[in-house]
Every structure is written in structure tokens, then in C-alpha cells.
Amino acid sequence: METGTSRVKRGMAEMQKGGVIMDVMNAEQAKIAEAAGATAVMALERVPSDIRAAGGVARMADPTIVEEVMKVVSIPVMAKSRIGHFVEAKVLESLGVDYLDESEVLTPADEVFHIDKWDFTVPFVCGAKDLGEALRRIGEGASMIRTKGEPGTGNIVEAVRHMRQINGQIRKVQNMSKDELYAEAKNLGVNYDLLLEVQQLGKLPVVNFAAGGVATPADAALMMHLGADGVFVGSGIFKSEYPEKFARAIVEATTHFRDYKLIAEVSKNLGAPMKGIEISSLKPSERMSDRGW
Amino acid sequence: MKVGVLALQGAVTEHIRSIELAGVEAVAVKKIEELADVQGLIIPGGESTTIGKLMRKYGFIEAIRNFSAAGKPIFGTCAGLIVLAKRIEGQDEAHLALMDITVARNAFGRQRESFETDLEIKGIDESVRAVFIRAPLITSVGNQVEILSTYQDEIVTARQGHLLVSSYHPELTDDYRLHQYFVDMIRAYQGSMS
């Protein structure tokens, strides 16, 4: 019997496919998310849009919140640690969290090194803007990738950019000869064997979700069309007018992303979605997607 | 022959691949009408609460009960096992309630307790590598149910006539023998029809 193997960690992410993972800040929200059909919840002290508004240093959530959420739902519970902050990650693992997110939404704790994720029994998800970042995180032991997008903006444009970038680069790699592949591994700063695996599979060797700006059911469906295996919704749900209805609508649009009539139906009378932010109005220092490398 | 994989949420492509490795065509099933084109159905791993809700929402409860009543084989893995069970511990309501078993969800613990191991399965010659992810257990079975394998004295594979369940994920390895076993069940059903 072996725990924490690649198959067990990556397999856990496979079971999330076609699903919606929702940010929650307390037990009550976690129950709403589970009842709406979320496949997992991300336990946080503040959602990304509140982190933006508050400014200052954003850290791991208070363990009380994480435990409270774990107590009330039967679906998996995820939690975020700062980039490079392996002690936060170990603390969350000790609480029994099911999946860790080494996340750019929090203020990075290390500007050189990401966490050695092979050193954990619990699997990690990490953000990526392009194929190089995705494969570097997988090389460090990540078992799941998500686009970075631009969290807390309610603006899908960055998530679209990152998903198109990763999948476009994969298509390019598929047509490369062996000598080109060696050079590309060097260009991307990634392990050659991992890049070879991508060429053979025609996709990342782990599940790839969309995250960072999903604010409507149509946004979720758009990301599924662009090749996402599933969707993270952060501020979008509990910053909308009717979270419960909104959460259910996003779940249905993700499952039936090709059924436009159904998406129209679930999008009716949803009330106001979260107020969005135009990306170009953000100062470079406010861009979370530039954190990590 | 065509095998359907219920594609509301979960590890759908892995099952399609495993069925194809067994030399049979497999398709994703998202709408109840699509059940008419398949002779066997796999309910995959995923989150049973999510899959159960979407099944109710889109009329799959009745449609799959009818599918089963016609004797067509169904194979549930992990969440699929939970969805097929008549009784779920700690919950008042079951989903399809087709198979005479009682299940305990997340019976081995949280993700850090998830594991893989070699498993002996009745009807399959050599052991199978079984991947257990926040897996359920079968805590009791009715007298129509045949126990096909146990792990540490707990029931993890079972069959009741045309229904097959495993609490682990055979679709996460390249070993397709349990899928082959299911394909043989469908062949036997087709043979009995002709």
C-alpha cells in the first residue's frame, strides 16, 4: 500500500474534471457551494477581490476557517499557501486539507524558489500563464495546473490569454522534430522529458483548469471550449447578487458548455454579477498574474 | 457494441480510453436520449454529490433505472458506486438505489490517506493495481450480491447480476482487465437477447 504517489495525486485532480471549484470564506458559504454542485471548495479568509481592495500582505487563511469548512462538507477542501512558503503548506497539510494551491493570489514569500511539492503527500495545484510555467510547476511536483488569469477582477480576458497560450504552445510542440524539441526545452526552461511527454500526449500530463476572472456561466463555458478540464470560481459567486442561484448556473454551464440554449436558460435573472475591473486600469504592482515565474 | 460513459462530471475520458483498449467503441453520454445508442453504461469517478444533483436535474435517475430494468449492464467506479447503491451511510436519500449494498463515503479518510495497492479480484487471473482516491467502502451487501474482492477485509468490488461496482479507479492505469470483464458482461447480455 502506497500513499501520495503521482497516480494518487494526479488521479484526485482527474476526479474534479468537468466540475467547478468554488472559493468560500466560511462554513455557510461552503454548504451553499456543496448544495449547488461544486466538486470542491477552496477555503479562504478573503476572496481575491477583497484581497485586492484590502491591500497589504495576504497570507494563508486562519486554520479555524479551514477546519470549520472541512467539518461541514463531504466534498474535498482545498486551501492556499503563499508561493515558496512551504511551512504554510505543511501546516495546511497537517490539518488534513485535500489539495493545496501554491497561489499568486497571496503575497509571495519567496522570490526565487517555489515549494518542492514532491515533499508532500497531499497534491498541489499551481497557476501558469504559459507552457514553460506549467511544466516548471509540474517538474516541482504540481499534480494539477490552472491558468492564473487575473484573480479578483471578474474579467475573463487574462484567463483566455493564458489558456490559449498554453494550448497554442502545446500544438506547436506536437509538430517539432527531436532536435527542435531539445532547443525548445532550453527556451522554455523546462525538463526535456516532460516536454517530450507533452508532445506524445498532445496535452499537459496533468489536469488543467481555468481560473482568474470567471464571472458568469458563459465565461465558464467559454473556458471549457478553449480546452479547460474544469473551472475555479473565486470572487464571482459570493460577490454576486444571488450566490446560490449563480453557483448552480455556473455548474450547469460547465457540464453543458456546448448547449447554448441551456446556458441562456440558466443565465436568466441571475441578478448583478460581481463588478469587474478593466485589466489596463491595474498598476503593474497590482497584477497577481505576474507573481511566480 | 457501444459503451456509454456518463459525462456529467468526473473522469470520463479515462474510461473511454480503457474501453477502447478492450477493443470496443465508447462514447460520452450527456443527454438521456443518448442512452438509446449504448448497450452498457459506466458511471465514472468524480464527486457523487455533483453527479447525483446533475442526474436529478436532467432526468437521468428515471432513464438509468429504465436502462437497468431492461437488463443492460452498468459499471460504477468510486462515485459511480455511491450513485448505484441503495443505501448511503449518514444520508437519508440514495441516488439511483439500484444495487443492494450499503456504502460509506470517504471511508478511508481524506486525500492524504488515498493510496494504491495490488488487489486480487475473483474472475481475473492476476492481481490488479487499484487506485483508491477518497474512496467509499461497501459496508454490507444483500444476498443477491457477489463479493469479487476485499481489501483489509472490507468489500471493494462487487457484482449483482448486470451491475458491477468498484470503490477504486481501474481507469487510472493501463490495465483494462476489469473493463474487459464489464465488456464480457455486455456480450453475455446481448447473447441472452438474441
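Residues numbered from 1 in each chain as written. Chains lettered and ligands numbered in written order. Predicted model: local features only at pLDDT ≥ 70, side-chain atom pairs only at ≥ 80, totals over all residues. Heavy atoms only, no water.

## Some details on the packing of helix α2 (residues 27-36) of chain A against helix α4 (residues 63-72) of chain A
All names here are of chain A.
- Running from N to C, α2 and α4 point in directions that differ by 40 degrees, and their axes come no closer than 9 Å. When the interaxial angle is binned, α2 and α4 end up oblique. Crossing of α2 over α4 shows right-handed handedness. The segment α2 lies against α4, with A27, A30, K31 and E34 engaging E68, V69 and V72.
- Class assignment of the residues belonging to the contact of α2 with α4 gives a composition of 4 nonpolar, no polar and 3 charged. (Axes fitted to C-alpha atoms, helices over the stretch in contact; angles between N-to-C directions. Helix = DSSP H or I, 4+ residues; strand = E, 2+ residues; numbered from the N terminus. Parallel < 35°, antiparallel > 145°, perpendicular 65-115°, else oblique. Left-handed = near helix turned anticlockwise from the far one by under 90°. Contact = heavy atoms within 4.5 Å. Nonpolar A, V, L, I, M, F, W, Y, C, P; charged D, E, K, R; others polar.)

## Some thoughts on the pairing of strand β2 (residues 20-24) of chain A
All names here are of chain A.
- A large share of β2 lies buried, amounting to 5 of its 5 residues.
- Across the two faces of β2 the burial is the same, with V20, M22 and V24 and I21 and D23 all buried.
- Here 3 bridges tie β2 to strand β9 (residues 231-233), and the two strands are oriented parallel to one another. In the sheet register, I21 faces β9, and the bridge partner there is F232. (Buried < 20%, exposed > 50% of the residue type's maximum accessible area, 1.4 Å probe, protein only. Pairing = 2+ DSSP bridges.)

## Comments concerning the interface of chain B and chain A
- Taken together, the contacts link 37 residues of chain B with 42 residues of chain A.
- Overall, the association of chain B and chain A removes approximately 3,000 Å² of surface from exposure, summing both partners, and the carbon and sulfur fraction of that is 52%.
- Viewed at the interface, chain A and chain B are joined by 7 salt bridges.
- For B:E116, the salt bridge goes to A:R7, with nearest N and O atoms at 2.8 Å.
- Seen at the junction of chain B and chain A, the total is 27 residue pairs in polar contact (both at pLDDT 80 or more).
- Among the elements of the structure, α1 (12-21), α2 (48-57), β7 (115-119) and β8 (128-132) of chain B are those that each provide at least two residues to the side of chain B that touches chain A.
- The element best represented in the side of chain B that touches chain A is α2(B), accounting for 5 residues. (Buried area = accessible area lost by both parts, 1.4 Å probe. Salt bridge = Lys/Arg side-chain N within 4 Å of Asp/Glu carboxyl O. Polar contact = N/O pair within 3.5 Å; in protein donor to acceptor, adjacent residues only side chain to side chain.)

## Regarding the UniProt feature "binding site: D-glyceraldehyde 3-phosphate" (unreviewed entry) in chain A
- In the numbering used here, UniProt assigns the feature "binding site: D-glyceraldehyde 3-phosphate" (unreviewed entry) to A:R164.
- By the element assignment, A:R164 lies in helix α7 (residues 157-174). (UniProt positions renumbered as here; feature names shortened; annotations may be inferred.)

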